[in-house]
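Geometric and topological summary
Here is what each chain is made of, one letter per residue.
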Amino acid sequence: MVVRQVAQVQGAPNMTAGLSDFLAGSVFGRLAEFLLSSVPGMPPILQTLHLLSICSIMASAAFVSLRILGLAVPSQQVSEMVQRLQPWTWYGVAGASVSGVWFVLARPERYFDNPVFQIKFTLLFFAVLFSVMLYRVGHGDPTGRQISTALRLKFRLLAGVVLLLWVTVLLAGRWIAYAEYLFW
Amino acid sequence: MNDFWLQLESHPLAGEIGATALFPLMESLHVLSICVLLGAIVMVDLRVLGLAALRYPVRIMVGELVPWAAWAFLAANITGLAMFITRASAHVQNPAFQIKMALLLLAGLNIALFHFRAFPAMIPGEKEGGTALMARLTAGLSLLLWCAVMLAGRWVGHVV
């Protein structure tokens, strides 16, 4: 409820109220509410699956970026890493979605009106977009061939952006519960 | 003994963290640390199990990824301790916290077993890509233990 107050303090129009009520009242919303409140241990179990999914994203997208930036796993080849680790990023995104959606369905108003949730999903959109770009370029491994310094620099910049985006998505996720510290 | 935890809790630093945005900052950095920690550990464990990254020798995977896990573990300890002192006396009595600490101890013993016994023993045979049974067992145990540590850790916040 604190979060709804936050939105009101900010003077934001409550445009999502209709959607929140619809989702919470739907079969999925009621199922989510039941699972989270009535099944013992369900919230920490789902949260752990969410965290493990994020680990999968970190182990793939973050470490590929760190490799391109020259900060980690120097023995591994970029193009080989991309081919091997790319699926783990998307498994991670899928796993995080499946484990996280229940919390939104059970209490949509807690999330839709929350500025940190909105920030997280904006960052997530760009994290996915830039990761796709990074993997496409990385498939051909521009660091392994004779290429211009400018192109190499662009590739590294892209890796830095991808790394920063995933880290901020993760941090924003944890801060959803603490929006009042930031927006009050 | 309980006095010690209460004293720790009443330390000005504990009050400062508990009452400000420092707490969520520490908590979010704790999550970042453990995700890097488990990310690195899982990559090593899957290689030792012979399930991934087979083109790289175990020695290289361990050498290049374990330092990341170690630094992440250090960061997780600092941020974890910062959160712990805000409610030290409650945490030491929290079954989830107690289980987490016991699991961490087991994970530590498992690491020692891998590094001092299983890992040195497997180096001669690794060229063929195969890894010794003991190394595989410690790697499998590592995966289980770290997932359990994570679950117990996440459960700490759900015990009232």
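Scroll up for the structure.
So, here's what we can say about the structure.

Notes on the environment of Val73(A)
Residue placement: Val73(A) occurs in the loop between α4 (42–68) and α5 (78–106). Under the relative-accessibility criterion, Val73(A) is labelled buried at 2%. Separated by 14 residues in sequence, Val73(A) and Ala59(A) place their C-alpha atoms 12 Å apart. Apart from residues lying up to four places away in sequence, Val73(A) is in contact with Phe63(A), Arg67(A), Met81(A), Glu64(B) and Leu65(B).

Observations regarding the packing of aromatic side chains
Residue and element names in this part refer to chain A. Considering all chains together, one arrives at 15 aromatic pairs over all chains under this definition. Measuring from ring centre to ring centre gives 5.2 Å for Phe125 and Phe126, while their planes differ by 80 degrees; the resulting arrangement is edge-to-face. For Phe126, a relative accessible area of 35% corresponds to the partly exposed category. Of the aromatic side chains, those joined through ring pairs into one cluster are Tyr111, Phe112, Phe117 and Phe121.

Observations concerning the interface of chain B and chain A
At the interface, 33 residues of chain B touch 32 residues of chain A. Both sides together, the interface formed by chain B and chain A hides about 2,900 Å², and carbon and sulfur atoms give 76% of it. One can count 2 salt bridges joining chain B with chain A. Notably, a salt bridge pairs Glu27(B) with Arg174(A), separated by 2.9 Å at the nearest N-O pair.

Here we look at a nonpolar patch on the surface
Among the surface-exposed residues, Phe125(A), Phe126(A), Leu129(A) and Met133(A) lie close enough to one another that they form a single nonpolar patch of about 370 Å² accessible area. With respect to the helices, strands and loops of the structure, Leu129(A) is situated in helix α7 (residues 115–139).

Looking at the environment of Gly138(A)
All names here are of chain A. Here Gly138 is to be found in helix α7. On the basis of relative accessibility, which here comes to 0%, the residue Gly138 falls in the buried class. Residues Gly138 and Phe155, 17 residues apart in the sequence, show an inter-C-alpha distance of 8.2 Å.

Let's talk about unusual backbone geometry
Of note in the backbone geometry, Val73(A) takes a positive phi value of approximately 35 degrees without being a glycine. Residue Ala53(B) is not a glycine yet carries a positive backbone phi of 50 degrees. Checked against the element boundaries, Ala53(B) lands in the loop between α3 (22–48) and α4 (58–84).

Considering the packing of α4(A) against α3(B)
One can describe the packing of α4(A) onto α3(B) by two numbers: an axis separation of 8 Å at closest approach and a directional angle of 70 degrees. Compared by their axis directions, α4(A) and α3(B) come out roughly perpendicular. Contact residues: Leu51(A), Leu52(A), Ile54(A), Cys55(A), Met58(A), Ala59(A) and Phe63(A) in α4(A); Val31(B), Ile34(B), Cys35(B), Leu38(B), Gly39(B), Ala40(B) and Met43(B) in α3(B). When grouped by side-chain class, the residues that make up the contact of α4(A) with α3(B) number 13 nonpolar, 1 polar and no charged.

The rules we used
Residues numbered from 1 in each chain as written. Chains lettered and ligands numbered in written order. Predicted model: local features only at pLDDT ≥ 70, side-chain atom pairs only at ≥ 80, totals over all residues. Heavy atoms only, no water. Helix = DSSP H or I, 4+ residues; strand = E, 2+ residues; numbered from the N terminus. Buried < 20%, exposed > 50% of the residue type's maximum accessible area, 1.4 Å probe, protein only. Contact = heavy atoms within 4.5 Å. Phe/Tyr/Trp six-rings, centres within 6.5 Å; stacked < 30°, edge-to-face > 60°. Buried area = accessible area lost by both parts, 1.4 Å probe. Salt bridge = Lys/Arg side-chain N within 4 Å of Asp/Glu carboxyl O. Patch = residues over 30% accessible without salt bridge, like charges linked within 9 Å, V, L, I, M, F, W, Y side chains within 5 Å. Areas by Shrake-Rupley, 256 points an atom, 1.4 Å probe, with all protein chains shown as cover. Axes fitted to C-alpha atoms, helices over the stretch in contact; angles between N-to-C directions. Parallel < 35°, antiparallel > 145°, perpendicular 65-115°, else oblique. Nonpolar A, V, L, I, M, F, W, Y, C, P; charged D, E, K, R; others polar.

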